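Spelled out, the chains give:
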There are 2 protein chains.
Amino acid sequence: MIKLSKIPTRPPKDVDKKTLQEQTKKNCKEIAKLQAVMIAQSKYNLLVVFQGMDASGKDGAVKNVFKYCNPSGIKVKGFKKPTDEEFGHDFLWRIHKNAPQKGMIQIFVRSHYEDVLIQRVHKWISEEHAIKRINAINAFEELLEFDNNTIILKFYLHLSFEQQAIELQQRLDDPTKYWKHNPGDWEERKHWDEYMRCYEDVLERSSIPWKITPVDERWYRDYVVSTTIVEAMRKLDLQYPKLEI
Amino acid sequence: MIKLSKIPTRPPKDVDKKTLQEQTKKNCKEIAKLQAVMIAQSKYNLLVVFQGMDASGKDGAVKNVFKYCNPSGIKVKGFKKPTDEEFGHDFLWRIHKNAPQKGMIQIFVRSHYEDVLIQRVHKWISEEHAIKRINAINAFEELLEFDNNTIILKFYLHLSFEQQAIELQQRLDDPTKYWKHNPGDWEERKHWDEYMRCYEDVLERSSIPWKITPVDERWYRDYVVSTTIVEAMRKLDLQYPKLEI
């Protein structure tokens with residue numbers, strides 16, 4: 001059983017920040033290099049999912065880790081409250097439309113997992129329905145893998161309750177962060193324990209595993225995310241196509 | 001074990017054509033009446049799938065059965081050879097995009113099943129891959145049912161080998177049918193037995209059952225299809241929404 005409260009949200013004590021920051025930079029450059037081959041080969045594709053509580057640093061992870069990449073080969077999709085048309089369909093309808101094409105890196109900032117998190121926390125769906133949805137997610141992700149060579153990398157950005165308060169407060173204090181302030185975030189914060197329970201269940205039941213990423217220090221988040229991605233890409237049989245005449 | 005060669009492609013001997021044709025007309029009118037409520041209520045939705053060999057009368061079924069319906073509430077999608085963009089995704093990607101919105105009737109002329117029929121017959125995918133795809137289809141169709149109140153009605157239009165020859169020949173003889181002629185159909189006909197094997201496996205493994213519809217006589221096809229649809233719609237709790245002021 002995963003107990004998130006037992007898992008650190010901070011970097012291990014023995015790591016050297018400077019060293020890891022240098023490594024992060026190398027990782028990000030290598031991701032861009034491998035991405036160039038991925039585009040040319042048009043065989044594999046990546047789906048990178050960022051989930052986490054408000055102010056867990058999802059946008060920052062995208063901004064930092066993929067900064068050397070060719071934007072032609074990257075799409076970022078943030079999922080917010082569904083539109084009327086989206087509500088007229090099953091919860092995976094809008095997700096599937098945004099699944100990556102061969103050669104592409106598709107990033108989800110929030111994702112189909114919201115439909116088994118916020119909706120479950122507020123009891124807009126039953127527990128039974130939530131579990132059916134998690135099973136449907138597993139089948140969907142397996143489909144992308146076996147039928148389209150999609151590599152799915154899912155990051156749970158693991159933030160502490162205390163650090164969330166600090167981050168949310170900064171949005172009220174720092175004029176360059178005002179635009180991120182949303183009074184609703186302080187409301188959602190009241191449901192923290194229930195969110196943790198639902199996250200734990202998702203982490204538990206997912207057939208494709210999650211990377212639980214400590215994010216209280218943002219430089220360590222970038223290190224973990226970039227390392228995970230570069231290692232996954234290295235394992236692919238990435239090569240430029242031969243010349244066909 | 002389903003053996004298609006043992007299942008009649010012609011109407012039962014004891015039915016009266018005139019009587020059934022009158023019943024078909026009543027069915028089609030009732031479908032339109034129920035559709036009007038379905039649109040207003042915007043709760044349920046229908047996915048009607050027509051599969052069958054070339055010249056099994058898929059287009060004719062659509063034309064006849066839904067002729068009294070409000071076209072605002074019906075969408076017909078024919079699936080042909082995938083585009084480059086569609087080939088860049090898993091086989092259900094283009095299908096899911098066309099899943100019905102609440103209140104709608106969505107008709108598929110050919111469907112996701114092509115990807116476990118023509119592709120399997122020609123060995124473009126392995127047997128193992130075909131079975132993974134059938135399992136993915138089951139998960140996908142269940143998702144539409146439990147998460148969007150979709151009623152899925154699947155018709156296998158069951159044509160005899162002999163009748164196919166007659167129908168294909170008409171496309172060469174009748175100027176109003178020239179446009180339907182495709183020399184490739186006579187090529188595909190050579191794979192008839194292999195198609196039957198793959199259809200049998202699909203009928204066998206589908207968790208949502210198929211209606212095997214004898215189509216050698218087209219008036220009987222329309223009777224079976226319209227009866228199946230109207231009976232399914234009657235079972236729904238269709239009602240006009242109350243006035244909200």
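Residues numbered from 1 in each chain as written. Chains lettered and ligands numbered in written order. Predicted model: local features only at pLDDT ≥ 70, side-chain atom pairs only at ≥ 80, totals over all residues. Heavy atoms only, no water.

**Q** Looking at this model, I keep getting lost on the relation of the copies chain B and chain A. Mind explaining?
**A** The pair of chain copies shares a relation made of a rotation about an axis and a shift along it. Taken as rigid bodies, chain B and chain A are interconverted by a rotation of 180° and an axial shift of 0.0 Å, the fit giving an RMSD of 0.0 Å. Overall, the copies show the geometry of a two-fold rotation axis. When you check the interface residues of chain B against chain A, 100% turn up at the interface there too, and the contact is symmetric in its surfaces. (Least-squares fit on C-alpha atoms with pLDDT ≥ 70 in both. Contact = heavy atoms within 4.5 Å.)

**Q** Honestly, the pattern of salt bridges in this entry has me stumped. Any pointers?
**A** Any two side chains of opposite charge can pair, on the condition that their charged atoms come close. Under the criterion given, the structure shown has 36 salt bridges over all chains. One salt bridge in this structure joins Glu30 of chain B and Arg234 of chain B, with 2.8 Å as the shortest N-O distance. Pair noted here: Glu30 of chain B is in helix H1 (residues 17-41) and Arg234 of chain B is in helix H10 (residues 218-235), with a separation of 204 residues, a long-range link. Each of Arg120, Glu127, Glu194, Arg197, Asp201 and Arg205 of chain A takes part in salt bridges that share partners, so that together they form one network. (Salt bridge = Lys/Arg side-chain N within 4 Å of Asp/Glu carboxyl O. Helix = DSSP H or I, 4+ residues; strand = E, 2+ residues; numbered from the N terminus.)

**Q** Looking at this structure, how should I read the packing of aromatic side chains?
**A** Given two aromatic rings, their pairing is described by the distance between the two centres and the angle made by the two planes. Residue and element names in this part refer to chain A. Scanning all chains against the criterion turns up 14 aromatic pairs over all chains. Ring geometry for Phe79 and Phe108: centres 4.9 Å apart, planes at 85°, overall edge-to-face. Taken as a pair, Phe79 in the loop between strand S2 (74-78) and helix H3 (84-87) and Phe108 in strand S3 (residues 105-109) lie far apart in primary sequence, 29 residues in all. The burial state of Phe79 is the same as that of Phe108; both residues are buried. Of the aromatic side chains, those joined through ring pairs into one cluster are Trp219, Tyr220 and Tyr223. The ring centre of Phe79 lies 5.6 Å from the NZ or CZ of Lys77, which sits over that ring. In this structure, Lys97 packs its charged tip against the face of Trp93, placed 4.1 Å from the ring centre. (Phe/Tyr/Trp six-rings, centres within 6.5 Å; stacked < 30°, edge-to-face > 60°. Buried < 20%, exposed > 50% of the residue type's maximum accessible area, 1.4 Å probe, protein only. Lys NZ or Arg CZ within 6 Å of the ring centre and 35° of its normal.)

**Q** Hey, could you run me through the interface of chain B and chain A in this one?
**A** By a frequent convention, interface size equals the accessible area lost on bringing the separate parts together. With 25 residues of chain B at the contact, the number on the chain A side is 25 residues. The tally of links from chain B across to chain A stands at two salt bridges. The closest approach of N and O atoms between Asp147 of chain B and Arg133 of chain A, which form a salt bridge, is 2.8 Å. Those elements giving two or more residues to the side of chain B that touches chain A turn out to be helix H3 (84-87), helix H4 (93-97) and helix H6 (127-148) of chain B. With ten residues, the top contributor of residues to the side of chain B that touches chain A is H6 of chain B. Grouping the amino acids of the side of chain B that touches chain A by side-chain chemistry returns eleven nonpolar, six polar and eight charged. (Nonpolar A, V, L, I, M, F, W, Y, C, P; charged D, E, K, R; others polar.)

**Q** When you look at helix H7 (residues 161-173) of chain B in this model, what are you seeing that I'm missing?
**A** Side chains of residues three or four places apart in an α-helix project in the same direction, reflecting 3.6 residues per turn. Residue and element names in this part refer to chain B. When the terminal C-alpha atoms of H7 are compared, their 19 Å separation across 13 residues agrees well with the 18 Å that a helix rising 1.5 Å per residue should span. Within H7 the residues assigned to the buried category are Gln163, Gln164, Glu167, Leu168 and Arg171. All buried residues of H7 lie within an arc of 135° about the axis, which places them on one face of the element. Buried-residue contacts for H7 involve helix H8 (183-189), helix H9 (192-205) and H10. (Expected span 1.5 Å × (residues − 1). Arc of directions from axis to C-beta.)

**Q** I keep staring at the packing of helix H2 (residues 58-65) of chain B against H10 of chain B and nothing clicks. Help me out?
**A** Think of two packed helices as two axes; the pair is described by the angle between the axes and how far apart they sit. Residue and element names in this part refer to chain B. Between H2 and H10, whose axes approach to 10 Å, the crossing angle comes to 60°. Judged on the interaxial angle alone, H10 and H2 are oblique. Between H2 and H10 lies a crossing whose hand is right-handed. Judged by residue contacts, Gly60, Ala61, Asn64 and Val65 of H2 engage Arg221, Asp222, Val225, Ser226 and Ile229 from H10. Residues belonging to the contact of H2 with H10 are distributed by class as follows: four nonpolar, three polar and two charged. (Axes fitted to C-alpha atoms, helices over the stretch in contact; angles between N-to-C directions. Parallel < 35°, antiparallel > 145°, perpendicular 65-115°, else oblique. Left-handed = near helix turned anticlockwise from the far one by under 90°.)

**Q** Where do I start with the layout of surface pockets in this structure?
**A** Empty pockets left among the atoms are what a rolling probe the size of a water molecule brings to light. Residues and elements named next belong to chain B. Looking at the second largest pocket, its volume works out to about 1,400 Å³. Forming the boundary of the second largest pocket are 42 residues, of which Asp54, Lys58, Asp59, Lys80 and Arg110 lie nearest the centre. Those elements that place two or more of their residues in the lining of the second largest pocket are H2, helix H5 (118-121), H7, H8, H9 and H10. Top element by residues in the lining of the second largest pocket is H2. It accounts for five residues. Of the residues in the lining of the second largest pocket, the class split is eleven nonpolar, twelve polar and 19 charged. (1 Å grid on protein atoms, 1.4 Å probe; cavity = no way out; pocket = protein on both sides within 12 Å on 5 of 7 lines; lining within 4 Å. Points joined across faces, edges and corners; volume = space filled by probe spheres on them.)

**Q** Would you take a moment to explain unusual backbone geometry for this structure?
**A** What you tend to see is this: most non-glycine residues have negative phi, and most peptide bonds are trans. Residues and elements named next belong to chain B. Even without being a glycine, Ser42 presents a positive backbone phi close to 50°. By the element assignment, Ser42 lies in the loop between H1 and strand S1 (45-52). Ser42 gets classed as partly exposed once you look at its relative accessible area, which sits at 37%. Phi at Lys123 is positive, roughly 60°, even though this residue is not glycine. Summarising the element assignment, Lys123 is placed in the loop between H5 and H6. Judged by its relative accessible area of 64%, Lys123 is exposed.

**Q** What's the story with the sheet that holds strand S5 (residues 210-214) of chain A in this structure? I'm lost.
**A** Strand pairing in a sheet is mediated by backbone hydrogen bonds. Such pairs are either parallel or antiparallel. Residue and element names in this part refer to chain A. Spatially, the five strands line up as an open sheet ordered S2-S3-S1-S4-S5, and their pairing is parallel. Every interior strand has two partners, whereas the edge strands, S2 and S5, have only one. Going across the sheet, the axis of each strand differs from the next one's by a mean of 20°, ignoring polarity. The pairing of strand S1 (residues 45-52) with strand S4 (residues 150-158) spans eight bridges and is classified as parallel. The partner of Gly52 across the bridge, within S4, is Leu157. (Pairing = 2+ DSSP bridges.)

**Q** Where do I start with empty space enclosed by the protein in this structure?
**A** Tallied over the full model, the rule gives one cavity of 30 Å³ or more. Of the pockets and cavities examined, the largest cavity occupies roughly 90 Å³. Leu92, His96, Ala136, Ala139, Phe140 and Leu143 of chain A together with Leu92, His96, Ala136, Ala139, Phe140 and Leu143 of chain B together form the lining of the largest cavity. Of all the secondary structure elements, the ones that give two or more residues to the lining of the largest cavity are helix H6 (127-148) of chain A together with H6 of chain B.

**Q** Teacher, can you tell me more about the nonpolar core here?
**A** Across soluble globular proteins, nonpolar side chains show a tendency to be buried alongside one another. One finds Leu92, Tyr113, Tyr156, Val202 and Trp210 of chain A to be the most contacted residues of the largest nonpolar core, which totals 33 residues. Where this core is concerned, the elements lending two or more residues are S1, H6, S4 and helix H9 (192-205) of chain A together with H6 of chain B. The residues contacting Tyr113 of chain A, other than those within four sequence positions of it, are Val49, Gln51, Ile137, Glu141, Lys154, Val202, Ser206 and Trp210 of chain A. If you look at the next biggest cluster of nonpolar residues, it comprises 32 residues, including Phe108, Val116, Ile137 and Leu144 of chain B. (Core = buried A, V, L, I, M, F, W, Y, C linked by side-chain atoms within 4.5 Å.)

Honestly, it's all geometry; don't read function into it.
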